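# Structure at a glance
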Amino acid sequence: MENLIKSVENLKNGDVGRLVDNKIKQFKGIDKDSNEAVFNELCFCILTANFNAEKSIMIQDEIGEGFCKFCEDELSNKLTELGHRFPNARAKYISECQRFKDRIKYVIQSLSGEKLREYLVKNIKGIGYKEASHFLRNIGFDDYAIIDFHIIDILARNNLIEKSKVISKKNYMEIESVLKNLSKQLNVTLAELDLYLWYLETGKILK
């Protein structure tokens, strides 16, 4: 763990630390009073599951308000055109969750903590714990861990967890607890820690 802490501390004190600070400000700057802005970010997180984050950002930029307006077939055709790995499945998920597009901000405002994440997981197809945490981080929440296989790999290499091919809810919460402990030692939020760990694995700061 000491080597990992040292690596993150070095990043915090350099250019990467400034990039992380700016990215967190960007997340917190999203207009949570705008159903369209919040729904757009939810759709982005549906797209990223088992798919490339940078390509998902490109697709999000291309489709924009179409997430709210396109029917399932239009979404599928557009995702196919833009090269998504799972155009039909993701179009179906987004189309089905369009019923939330005019009230997603009220869901965010009326629930908090684990109740909010659980609501998203239980009520929106295509959203698991990772995607729900990703979505909440991207609209300015600090206290959810985004646990994908990049994060699992770096934690396993540093002997903080045992590597697992399947992430159950129980396993997710256990790993999140490890990350919470690490974030406290580093004096950063879970949102910031995710960006630092992602940078250590990929050399990139995305979202």
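As the structure is a computational prediction, the values presented were derived from the model and not from experiment. (Residues numbered from 1 in each chain as written. Predicted model: local features only at pLDDT ≥ 70, side-chain atom pairs only at ≥ 80, totals over all residues. Heavy atoms only, no water.)

A word on the state of the cysteines. Scanning the entire structure with this criterion turns up zero disulfides. A disulfide-free cysteine, cysteine 97 has its sulfur positioned 4.8 Å from the sulfur of cysteine 43, the nearest such atom. (Disulfide = S-S within 2.5 Å.)

Once that is clear, we can look at the nonpolar core. By size, the foremost hydrophobic cluster in this structure holds 34 residues, and its most contacted members are Leu4, Leu155, Leu179 and Leu197. Elements that contribute at least two residues to this core include exactly α1 (2-12), α2 (15-28), α11 (149-157), α12 (169-186) and α13 (190-202). A total of seven residues in this core trace back to one element, the largest contributor, which is α13. Excluding residues within four positions of it along the chain, leucine 4 makes contact with Ile154, Leu155, Asn158, Leu160, Leu182, Leu197 and Leu200. The next biggest cluster of nonpolar side chains, apart from the first, holds 33 residues, and it includes Val38, Ile63, Ile94 and Ile108. (Core = buried A, V, L, I, M, F, W, Y, C linked by side-chain atoms within 4.5 Å. Buried < 20%, exposed > 50% of the residue type's maximum accessible area, 1.4 Å probe, protein only. Helix = DSSP H or I, 4+ residues; strand = E, 2+ residues; numbered from the N terminus. Contact = heavy atoms within 4.5 Å.)

With that out of the way, let us pick up the packing of helix α9 (residues 113-123) against α12. Where α9 contacts α12, the two axes come as close as 15 Å, and the packing angle between them is 145°. Crossing angle aside, the handedness with which α9 passes α12 is right-handed. Here Glu114, Arg117 and Glu118 of α9 come into contact with α12, specifically with Lys169, Tyr172, Met173 and Glu176. Classifying every residue of the contact of α9 with α12 by side-chain character gives two nonpolar, no polar and five charged. (Axes fitted to C-alpha atoms, helices over the stretch in contact; angles between N-to-C directions. Left-handed = near helix turned anticlockwise from the far one by under 90°. Nonpolar A, V, L, I, M, F, W, Y, C, P; charged D, E, K, R; others polar.)

For α11, the full list of buried residues reads Ile151, Ile152, Ile154, Leu155 and Ala156. Against the buried residues of α11 lie α1, α12 and α13. For α11, the N-terminal cap is aspartate 148; the gap from its side-chain oxygen to the backbone nitrogen of histidine 150 is 3.1 Å. Asparagine 159, located one to two residues past α11, shows a positive phi value of around 60°. (Polar contact = N/O pair within 3.5 Å; in protein donor to acceptor, adjacent residues only side chain to side chain.)

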